[in-house]
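Topology and contacts: notes
Below, each chain spelled out in residue letters.
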Amino acid sequence: MMSGSAAFSEAANAGGFLLVLAVSLPTAGMLLSVLGARLAARAAPILMLAGLGVAIAIAIEVWRAEQPLVYFVGGWVPPLGLALRADGLSAAMLATTAIVVCATGLYGRAAFRVPAGVSETRAPLVFWVLLMAVWAALNLVFLGDDLFNLYVALELLTFAAVPLVCLDGRAETLAAALRYLLFALLGSVLYLLGVGLLYGGYGTLDIVLLSGVVRPEPIAFATLGLMTAGLLAKTALFPLHLWLPPAHAGAPPAASAVLSGLVVKASFFLVVRLWFDVMPGLLNLVAAQVLSTLGAGAILVGSVLALRQARLKLLIAYSTIAQIGYLFLMFPLAGASSAQFGSNVALTGGMLQAVSHAFAKAAMFMSAGLIAEALGHDRITELRGVGQMLPVTVFAFGAAALSLVGLPPSGGFVAKWLLLTAAMTAGQWWWALVMLLGGLLAGGYMLRVLAPVLTDASEPLMPRVPILRSRELVVLALALCSMLLGILPLRPFGLLQIGRPPTSEARSR
Amino acid sequence: MSAATLFGWCGAALVGLGLYGLITHPHPLRKILAFNLIGSGVFLLFGVVARRGAAAGMGGDPVPQALVITGIVVAFSATALAIALLLRIFRQTGQATVSSESKHPPERSADS
């Protein structure tokens, strides 16, 4: 019984093949990497450059055409076939992912080098295969238009991300990986249950088609609740955050950057798709308040726990929990403000927070990795003199910290400013209060790191191992990306609005 | 009570049992089994959903059946990955638990 009487409103366009390239390029890279780590390290720059080019081409194409790019797999139109669809949100996330993955690849080349005289070692081989697999899965999550297809993409992402946690094979990281996997499995099975109910209720899983037929009724509430709960477990939103700190702090720095910057954003992205695209009519509900209450809890609990950490990487991991909280503040605000604005301030703020946090957190994990490599430890109280020893790395760390705290000039500042504005115009001032408190706490935990780092040691420190200047520059470039987002004029953020479904008032007209 | 409703209730019961097991049992192997129990419940539900097609005069809706097959493959891979991790942990530590002292990864010499 196909109730997909609502025909797919958008036609496939010429740029659609770019979407196929965005998924198939990293997949090809993954298959190529299986052949050997040396080959992978040699082919990676070309693949990453090509992937970055595709992501930028998609963004330009969406921006220019002011409509989403659509591709029908095999020429079959939904509800029978599957569609790949890139709207403004997808384009922004694709570009962010490409930049962070490229930086991770360049940074990881030195860390995961096959030693001379050895034909193959496990860690480099697995690193390249998994990096490419994560990239392919992320791109599929951002482009998928079918909820079951997205389930498969999300699972591919989990299967690639979990082994990244335990690349070094120590028992502690293995345990952290298993715990991560168990949370992720609970999340995915709840999501799948929601998908089944949704198909039972409406006979299609295509997001564009669903947005036209879903009504506020019990089955929609049940699926929204199940799928959101599942995705929150994967996003590590408080109180489902317990798996994140050991997993992200125990992984090698290059892996942590991808996990903390990008992987948790994929499931967040699907929450946005669900609430804004599949069921836009449900945003005004009390349920949206529940989401942002959890977000507020994440900001406060994550920040306070970050303040209490003795180890740099754990502090950064707890700060991820807090920053994820900000993402969820946008849900009730978007519901309240969409009626007053042509463009949705809260949605723009939330997505900008996702993007700038991806750059800042990746830069921060990588700089912490360089510091730990040079010192041989990452105990916060013993970081004296690092500022003299690694000035470029420490500058990158500081620039990333600006974005996390929300100080200008940084993407984090603009994101939090937009969310604050949305909170005040929506008359929900209590969220603004939480954001300001979160900013203060973030300032506190970043100062805890920067104060010893910037204090000169009694005698100049020498790095235990030489730190390549090129790796420092990669970290700096990422940190500058997060700062640049704060200097850009606001106009490019209009990209985020392209391809959004019309608001409920507009549709009822 | 129709057959579809009965199967629906069975699926719901399996999901409930699995969820209880996943949350209450501390042992990872039991958690993995509980996850498979939830999975079975969900797949049963997909089967029930496929009966929608029967109402429209078709033998059954083939789409949920295709989804179930993919879902089983995914659940199988997930279980295999989890078991492999658990085995590695057992080989290294001699116990198959995810205890809480592993929350703070200890000092490492070469952080890369």
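Of the regular secondary structure elements, chain B holds four helices and zero strands. Beginning at the N terminus, the succession of helices and strands in chain B can be written as α-α-α-α. The long-range fraction of contacts in chain B, counting pairs at least 24 apart against all pairs at least 6 apart in sequence, stands at 48%.

Residues and elements named next belong to chain A. Here chain A is partitioned into domain 1 (12–144), domain 2 (146–282) and domain 3 (284–509). Between the C-alpha centres of domain 2 and domain 3 the distance comes to 21 Å. Each partner contributes residues to the interface: domain 2 has 26 residues there, and domain 3 has 31 residues. Elements with a contribution of two residues or more to the side of domain 2 that touches domain 3: helix H9 (244–250) and helix H10 (253–278). Per-element accounting of the side of domain 2 that touches domain 3 gives the leading share, 13 residues, to H10. Residue classes in the side of domain 2 that touches domain 3 are distributed as 16 nonpolar, eight polar and two charged.

Below, the discussion takes up the interface of chain A and chain B. Listed by partner, the interface residues are 38 residues for chain A and 41 residues for chain B. Those elements that provide at least two residues to the side of chain A that touches chain B are helix H5 (147–165), helix H6 (171–202), H9 and helix H14 (345–375) of chain A. Top element by residues in the side of chain A that touches chain B is H6(A). It accounts for 19 residues. Residue composition of the side of chain A that touches chain B, grouped by class: 26 nonpolar, seven polar and five charged.

All names here are of chain A. For helix H17 (residues 411–425), which comprises 15 residues, the first-to-last C-alpha distance of 21 Å matches the rise-based estimate of 21 Å (1.5 Å per residue) to within 8%. Within H17, 11 of the 15 residues are buried, which leaves it mostly tucked inside the rest of the structure. Within H17, the full set of buried residues consists of Gly-411, Gly-412, Phe-413, Val-414, Ala-415, Lys-416, Leu-418, Leu-419, Leu-420, Ala-422 and Ala-423. Just beyond H17, the residue with positive phi is Gly-427, at close to 75°.

Residues and elements named next belong to chain A. Viewed as axis vectors pointing N to C, H14 and H17 meet at an angle of 155°, and their least axial separation amounts to 8 Å. Considering their axes alone, H14 and H17 lie roughly antiparallel with respect to each other. In this structure, the crossing between H14 and H17 has a hand that is left-handed. Contacts between H14 and H17 involve Val-345, Ala-346, Thr-348, Gly-349, Gly-350, Leu-352, Gln-353, Val-355, Ser-356, His-357, Phe-359 and Ala-360 from the first element and Gly-411, Gly-412, Val-414, Ala-415, Leu-418, Leu-419, Thr-421 and Ala-422 from the second. Residue classes in the contact of H14 with H17 are distributed as 11 nonpolar, nine polar and no charged.

Moving on: the nonpolar core. Counting residues in hydrophobic clusters, the biggest one holds 248 residues, and the most contacted among them are Ile58(A), Val134(A), Val141(A), Leu157(A) and Leu419(A). No other element matches the 22 residues that H6(A) contributes to this core.

Glancing now at unusual backbone geometry. Residues and elements named next belong to chain A. Put simply, Phe-238 and Pro-239 share a cis peptide bond, and its omega is 0°. Secondary-structure assignment places Pro-239 in the loop between helix H8 (218–235) and H9. With an omega dihedral of -5°, the bond running from Pro-408 to Pro-409 counts as a cis peptide bond. Examined against the element boundaries, Pro-409 turns out to sit in the loop between helix H16 (391–405) and H17. The backbone of Glu-66 shows a phi angle near 55°, a positive value even though the residue is not glycine. Mapping Glu-66 onto the fold places it in the loop between helix H2 (37–65) and strand S1 (69–72). Phi is positive for Ala-236, close to 65°, though the residue is something other than glycine. Note on placement: Ala-236 falls in the loop between H8 and H9.

The rules behind these values
- Residues numbered from 1 in each chain as written.
- Chains lettered and ligands numbered in written order.
- Predicted model: local features only at pLDDT ≥ 70, side-chain atom pairs only at ≥ 80, totals over all residues.
- Helix = DSSP H or I, 4+ residues; strand = E, 2+ residues; numbered from the N terminus.
- Contact = placed C-beta atoms within 7 Å.
- Domains from an automatic or database assignment.
- Nonpolar A, V, L, I, M, F, W, Y, C, P; charged D, E, K, R; others polar.
- Expected span 1.5 Å × (residues − 1).
- Buried ≥ 20, exposed ≤ 12 C-beta atoms within 10 Å, placed from the backbone.
- Axes fitted to C-alpha atoms, helices over the stretch in contact; angles between N-to-C directions.
- Parallel < 35°, antiparallel > 145°, perpendicular 65-115°, else oblique.
- Left-handed = near helix turned anticlockwise from the far one by under 90°.
- Core = buried A, V, L, I, M, F, W, Y, C linked by C-beta atoms within 7 Å.

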